[in-house]
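Understanding the architecture of this molecule
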Amino acid sequence: MSFKPRPILLALAVALFATVASAQLSDDDCLSCHGDPSADRPVDAKKFSASVHAPVGCTACHADISAYPHEPAPAKVDCASCHSEEGAAWDNSRHAKAFKAGNRNAAGCLSCHGLNAHAILPKSNPQSTTFHANVPKTCGRCHSQKFVMESSGLSTTPTFSYGQSVHGRAIANGSEKAAVCSDCHNAHDVLGANEAKSSINKFNVPQTCGKCHSGVAAQYVQSIHGKAIARGNDKAPVCTDCHGIHLIKSHIDPTSSVASQNIARTTCGQCHGNVQLSKEFGIATGRVKSYEESYHGLAKRLGSAEAANCASCHGIHNILPASDPKSQINKANLPQTCGKCHPGAGAKFVSGRVHLEEGPAPQSTGDFVISWVSRIYIPLIVLTLGGMALHNLIIWIRKARRARRNPTRTVVRMNRMQRIQHFVLLTSFIVLVITGFALAWPDSVFAMIAGNEMVRRTIHRIAAVVMILLGLYHIAYMCFTKEGRQGLKDFWFSLKDARDVIGVVKYNLGLSKEHPKMGRFTYAEKAEYWALVWGTIVMGVTGLMLWFEVQVSSWLHLPRWWVDVATLVHYYEAILATLAIIIWHLYAVIFDPDVYPINWALLDGKMTESQFKHEHELEWKKMQLPVAGSQLPEEPGQHEQ
């Protein structure tokens with residue numbers, strides 16, 4: 001008869017076999033299957049043997065594997081079962097919180113230590129993803145990916161900024177000591193800056209930076225800023241407020257916030273130039289302004305490498321109040337501080353104030369004298385220059401009136417209507433220049449003339465409407481009146497104008513003895529007229545676009561950048577028109593020796609016969625000069641007895 005084992009005995013036999021087999025599993029046993037490249041989850045035996053986990057073996061991580069086949073499927077490996085401290089740190093990090101909130105892009109163990117779990121190398125290995133020099137690249141695998149960062153509400157800018165920083169460049173050049181991401185943010189317990197325990201929390205930044213910059217950190221802790229931070233004052237600056245966060249640059253880099261030429265305005269000025277902060281902490285509000293207006297500030301703005309900045313006097317990291325005996329600006333130490341740039345400076349040299357801003361009543365003889373010098377000189381300048389101007393104005397008016405009564409001024413150049421148009425144009429143009437530049441440069445002398453922003457804007461728009469209406473009237477005048485149509489014809493360019501330009505230049509350089517003969521309008525007058533037409537159209541169109549910027553997009557369906565282009569065109573065209581009037585037109589009507597002190601055609605439209613014949617000889621020959629005693633209508637280019 002055949003032997004038939006009982007079911008329970010068979011089950012015990014299988015269990016005994018599995019137990020024995022499990023006890024005897026080795027790495028070779030595992031690799032006999034998993035080392036096959038065609039396996040479901042192949043393991044490279046060579047890489048595994050070089051990994052940090054090779055000494056502990058497969059079953060150290062896969063402890064739940066008891067037999068083959070692996071049923072049920074092995075559980076996911078828990079790194080924290082061995083690395084408990086690191087696991088606990090990660091569990092409280094921003095990465096873990098993001099992962100638990102459902103963000104599968106958040107970094108876990110393998111994200112940083114190697115995507116191949118069986119080929120993790122020790123961080124001392126230059127090929128390891130956690131090797132010091134490789135950390136920026138490792139973190140950058142996620143933090144440089146725009147879609148990954150945007151899904152977490154973050155930016156990729158810090159990654160690229162670090163690459164341009166003094167730390168990132170040092171790492172790229174082979175430094176093994178320069179700071180990398182994990183030096184500042186930590187490796188596993190990466191926390192947000194708003195968390196009290198975070199290494200990048202503002203109150204912890206000095207300690208974080210001090211891990212590498214211990215000497216500087218020691219000075220900072222004793223400084224007025226360091227003590228303020230220790231007291232819990234979150235307005236006091238720490239390392240990153242002055243040097244930047246990720247884009248930290250060397251002080252010799254001209255684009256650095258701590259470059260010599262940038263310290264006053266960019267670095268110290270961001271707090272000490274802030275009126276609200278200065279008042280809150282009882283600091284004089286005009287220190288930055290007074291420095292910029294001083295010799296040192298002006299020289300620094302002009303590119304001086306030697307001129308003193310804030311740090312030259314107050315120190316860099318060891319900034320102390322003037323009352324501290326160790327402070328560089330303590331009264332006893334000022335000769336030595338100033339002597340760094342001014343050898344031989346003594347107690348007398350440093351006895352005055354450095355920041356001469358408005359403040360409390362004078363406290364010393366020097367302050368008293370300085371205050372009274374200003375009080376005396378300002379009225380003195382006004383009275384002296386005002387008296388000079390009044391003296392010359394009286395003489396100028398008398399000479400100008402005498403020139404106007406010149407009996408030879410008989411040729412009517414502009415009739416009454418043309419003079420009215422010219423006066424309206426002149427007035428509106430001047431108002432537009434003053435108010436427009438006051439809006440563009442609110443700290444300039446134009447702003448002092450034009451009042452506050454609302455007044456400037458209102459007056460500017462009124463003047464603009466006047467000029468636009470004048471332009472429309474002028475178009476009608478030139479098209480629908482006899483004198484206008486004749487003027488339009490005479491203003492039109494011809495090839496002769498180009499020859500006249502060359503001829504005038506040659507004549508005035510002494511290269512030709514004959515002055516070109518020109519008609520009713522010279523090439524210069526034609527160019528100025530058409531430039532005025534073009535400028536009025538451009539300024540009118542762009543000005544209306546700025547005035548009605550919302551309607552530009554809603555009515556005309558134009559994108560917003562059209563308004564930006566209009567702003568630039570309006571700005572540059574205004575500068576061009578203003579300078580052209582100053583350089584070209586004012587010379588012709590004031591500074592030209594033939595018309596000085598002024599061309600009175602501005603008021604009565606007349607000019608002398610000799611000047612008209614010299615400038616417009618062809619028109620002169622065309623004129624039918626009347627006999628003595630005859631009367632002619634007041635028309636442009638007509639002779640008056």
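Moving on: the overall build of the protein. Helices and strands together make up the secondary structure of the protein, namely 34 helices and three strands. Against the compact-globule benchmark of 26 Å for 641 residues, the protein has a radius of gyration of 42 Å, which places it well outside the compact range. Projected onto its principal axes, the C-alpha coordinates of the protein cover approximately 160 × 80 × 50 Å. Looking at the protein residue by residue over its 641 residues, the buried ones come to 27%. As displayed, the protein has an accessible area near 42400 Å², and 64% of this comes from carbon and sulfur atoms.

What follows covers the side chain of Asn233. Among the secondary structure elements, Asn233 is positioned in the loop between helix H15 (224-230) and helix H16 (239-243). Within the structure, Asn233 has its side chain in polar contact with the backbone nitrogen of Lys235 (distance 2.9 Å). If we ignore the near neighbours within four places in the chain, the residues touching Asn233 are Phe203, Ala228 and Phe281.

It is worth spelling out the packing of aromatic side chains at this point. Scanning all chains against the criterion turns up eleven aromatic pairs. With centroids separated by 5.1 Å and ring planes inclined at 80°, the aromatic side chains of Tyr529 and Trp530 adopt a geometry described as edge-to-face. Owing to a relative accessible area of 12%, Tyr529 belongs among the buried residues under this scheme. According to the relative accessible area criterion, Trp530 is partly exposed, its value standing at 23%. Aromatic side chains Tyr571 and Tyr572 sit 5.2 Å apart centroid to centroid with 65° between the ring planes, which places their arrangement in the edge-to-face category. Residue Tyr572 is classed as exposed on the basis of its relative accessible area, which comes to 52%. Taking NZ or CZ as reference, Arg104 lies 4.3 Å from the ring centre of Phe99, over its face. The residue whose ring lies beneath Arg375 is Trp372, and the NZ or CZ to ring-centre distance is 4.8 Å.

Looking now at the packing of helix H24 (residues 416-440) against helix H26 (residues 453-480). Where H24 contacts H26, the axes come no closer than 8 Å and their chain directions differ by 150°. By the angle between their directions, the pair H24 and H26 is classed as roughly antiparallel. Of the two possible hands of crossing, H24 and H26 adopt the one that is left-handed. Residue classes in the contact of H24 with H26 are distributed as 16 nonpolar, seven polar and three charged.

With that settled, consider the nonpolar core. Residues Val205, Tyr220, Ala228, Ile229, Ala236 and Val238 constitute the largest nonpolar core, which totals six residues. Ignoring anything within four residues of it in the chain, the contact list for Ala228 reads Asn233 and Ala236.

Look at the link from Tyr596 to Pro597: it is a cis peptide, with omega at 15°. Its location among the elements puts Pro597 in the loop between helix H31 (561-591) and helix H32 (601-604). We note that Asn186 has phi near 75°; this positive angle belongs to a residue other than glycine. Judged by relative accessible area, Asn186 falls into the partly exposed class, the value being 23%.

Attention now moves to the environment of Gln336. Here Gln336 lies in helix H22 (residues 334-339). A sequence separation of 14 residues divides Gln336 from Val350, and the C-alpha atoms of the two residues are 9.8 Å apart.

Note that Ala196 resides in the loop between helix H12 (181-185) and helix H13 (205-210). When the C-alpha positions of Ala196 and Thr522 are compared, they lie 78 Å apart, and in sequence the two are 326 residues distant. Ala196 has contacts with Asn201 and Asn204, leaving out every residue within four places of it along the chain.

Turning to the confidence of the model for the protein, a few remarks are in order. Confidence in the prediction of the protein, expressed as mean pLDDT, is 86, and 92% of residues score 70 or more. This stretch, residues 1-22, has a pLDDT under 50; its non-local contacts, to residues over four places away or in other chains, come to four contacts. For residues 627-635, every residue scores under 50 in pLDDT, and the model assigns this stretch 15 contacts once sequence neighbours within four places are set aside.

Using the criterion set out here, one finds 17 salt bridges in the structure. The shortest N-O distance in the salt bridge between Asp497 and Lys526 comes to 3.1 Å. Placement of Asp497 in helix H28 (residues 495-508) and of Lys526 in helix H29 (residues 523-547) is noted, with a sequence separation of 29 residues between them. Residue Lys526 is classed as buried on the basis of its relative accessible area, which comes to 7%. When salt bridges that share partners are traced, they join Glu549, Arg560 and Asp564 into one network.

Conventions adopted
- Residues numbered from 1 in each chain as written.
- Predicted model: local features only at pLDDT ≥ 70, side-chain atom pairs only at ≥ 80, totals over all residues.
- Heavy atoms only, no water.
- Helix = DSSP H or I, 4+ residues; strand = E, 2+ residues; numbered from the N terminus.
- Rg over C-alpha atoms; globule rule 2.2 N^0.38 Å.
- Buried < 20%, exposed > 50% of the residue type's maximum accessible area, 1.4 Å probe, protein only.
- Areas by Shrake-Rupley, 256 points an atom, 1.4 Å probe, with all protein chains shown as cover.
- Polar contact = N/O pair within 3.5 Å; in protein donor to acceptor, adjacent residues only side chain to side chain.
- Contact = heavy atoms within 4.5 Å.
- Phe/Tyr/Trp six-rings, centres within 6.5 Å; stacked < 30°, edge-to-face > 60°.
- Lys NZ or Arg CZ within 6 Å of the ring centre and 35° of its normal.
- Axes fitted to C-alpha atoms, helices over the stretch in contact; angles between N-to-C directions.
- Parallel < 35°, antiparallel > 145°, perpendicular 65-115°, else oblique.
- Left-handed = near helix turned anticlockwise from the far one by under 90°.
- Nonpolar A, V, L, I, M, F, W, Y, C, P; charged D, E, K, R; others polar.
- Core = buried A, V, L, I, M, F, W, Y, C linked by side-chain atoms within 4.5 Å.
- pLDDT = per-residue confidence, 0-100.
- Salt bridge = Lys/Arg side-chain N within 4 Å of Asp/Glu carboxyl O.

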